[in-house]
Amino acid sequence: MKLIFLILFLILNLKASSNYVENDALYDSLEKPQDSETEDTLKQYAKSLFNFKAYNANYFLPLSYRYNGNYSDTNGHKAKKTETEFQFSVKFDFAKNVFGLDGVYSIAYTQNSFWQFYSDSAFFRESNYAPEFFVIFPTSSMDDKRFIKALRFGLAHESNGRGGAEERSWNYINGSIFFQYKMLFSELKLWARLPDTNDYNPELIDYMGHGYIKFMLPYKKHFVDMKFRYNFNKKGSAELNYTYPMFGRNDLFLYIKLFNGYGESLIDYDDYIKKFGIGFSISR
């Protein structure tokens, strides 16, 4: 898998044009709201989604509480219901318009960690590491009112970095369609798992499913996104995230997260979890 990522990166760099990747191009293709505060919120989200600095949300939740049961013990440590959760996610747009299709080519890395800060030993209960490669093709210009705004195709890996019985990992290809209806944005993402030499979690897809649908709504200074997975076997999940600027700043946000279902983390992919978290983020 690592060799595939390396080959793709080298080939696309060799073929890439010398033009600088225009980070504003995808934002400029969106329909703009009349309200200036909503436009500022939309700009913060769109540019953090597509530019060099941020990929998924970068957040820190000092308080993350599971209220429907207990976590499994880890390496002899007793896990508490209350923990600290954080996510670090960045991407680099390294090429544009390689094959004349206006695509933006990117590599990204996301790490989501669950820290048992309130236990005696303050151990990390779980961390998930997700490198990926993807390309986004805008499908409309600034003056275009088409419903479909972009297509995305990617190759990804996700693992918890453990060995033996607690190893959880998978490789997959994926594709997304991005939509806009007025100020409601949505993403339909589908994936297919690739074969593994050693499959430590053969039932993972039974819980993670084959995709999700996500809705994103900016309103004035508020931003809400909701993500739903349903596998037609009662093994889905629902996640809601809310952000709002703190102290009048455009780079620090109140962050509230609600999760209900399966697949919150790799180690607990088959455990039904209800959870609430609050903290802050530095990207939307």
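The model shown is predicted, which means the values in this text are computed figures rather than measured ones. (Residues numbered from 1 in each chain as written. Predicted model: local features only at pLDDT ≥ 70, side-chain atom pairs only at ≥ 80, totals over all residues. Heavy atoms only, no water.)

(A) Region of the structure containing the overall build of the protein. A count of helical and extended segments in the protein gives four helices and twelve strands. The buried share of the protein, reckoned over its 284 residues, is 49%. Residue pairs at least 24 apart in sequence account for 56% of intrachain contacts in the protein once pairs closer than 6 positions are excluded. By element, 59% of the accessible surface of the protein is carried by carbon and sulfur atoms, the whole surface being about 14400 Å². (Helix = DSSP H or I, 4+ residues; strand = E, 2+ residues; numbered from the N terminus. Buried < 20%, exposed > 50% of the residue type's maximum accessible area, 1.4 Å probe, protein only. Contact = heavy atoms within 4.5 Å. Areas by Shrake-Rupley, 256 points an atom, 1.4 Å probe, with all protein chains shown as cover.)

(B) Up close: the confidence of the model for the protein. Averaged over all residues, the pLDDT of the protein equals 87, while 88% of them reach at least 70. Confidence scores differ between elements of the protein, with helix α1 (residues 2-15) showing the lowest mean pLDDT of 51 and strand β11 (residues 253-261) the highest of 98. (pLDDT = per-residue confidence, 0-100.)

(C) How the structure looks around the sheet that holds strand β8 (residues 211-219). Spatially, twelve strands are ordered β1-β2-β3-β4-β5-β6-β7-β8-β9-β10-β11-β12 in a closed barrel, and the strand pairing comes out antiparallel. Looking at each pair of strands side by side, their axes are set apart by 20° on average, direction ignored. Alignment of strand β2 (residues 82-96) against strand β3 (residues 104-115), held across twelve bridges, turns out to be antiparallel. From the neighbouring strand, F86 faces β3, where its bridge partner is S113. (Pairing = 2+ DSSP bridges. Axes fitted to C-alpha atoms, helices over the stretch in contact; angles between N-to-C directions.)

(D) Structural context of the pattern of salt bridges. Within this structure, the stated rule accounts for 16 salt bridges. For the salt bridge of E85 with K275, the shortest nitrogen-to-oxygen distance reads 3.7 Å. Of this pair, E85 sits in strand β2 while K275 sits in strand β12 (residues 273-281), and the two are 190 residues apart along the sequence. Of the residues examined, E85 reaches a relative accessible area of 1% and is grouped as buried. A residue is classified by how much of its surface remains accessible, and K275, at 3% relative accessible area, is buried. E132 is the partner of R152 in a salt bridge, and the nearest nitrogen-oxygen pair spans 2.9 Å. (Salt bridge = Lys/Arg side-chain N within 4 Å of Asp/Glu carboxyl O.)

(E) Focus on the pairing of strand β10 (residues 237-245). Pairing between strand β9 (residues 222-229) and β10: seven bridges, direction antiparallel. Along β10, the bridge assignment pairs F223 with T243. In this sheet, β11 lies alongside β10 in antiparallel orientation, the contact comprising nine bridges. Within β11, the position partnered with P245 by the bridge is F253.

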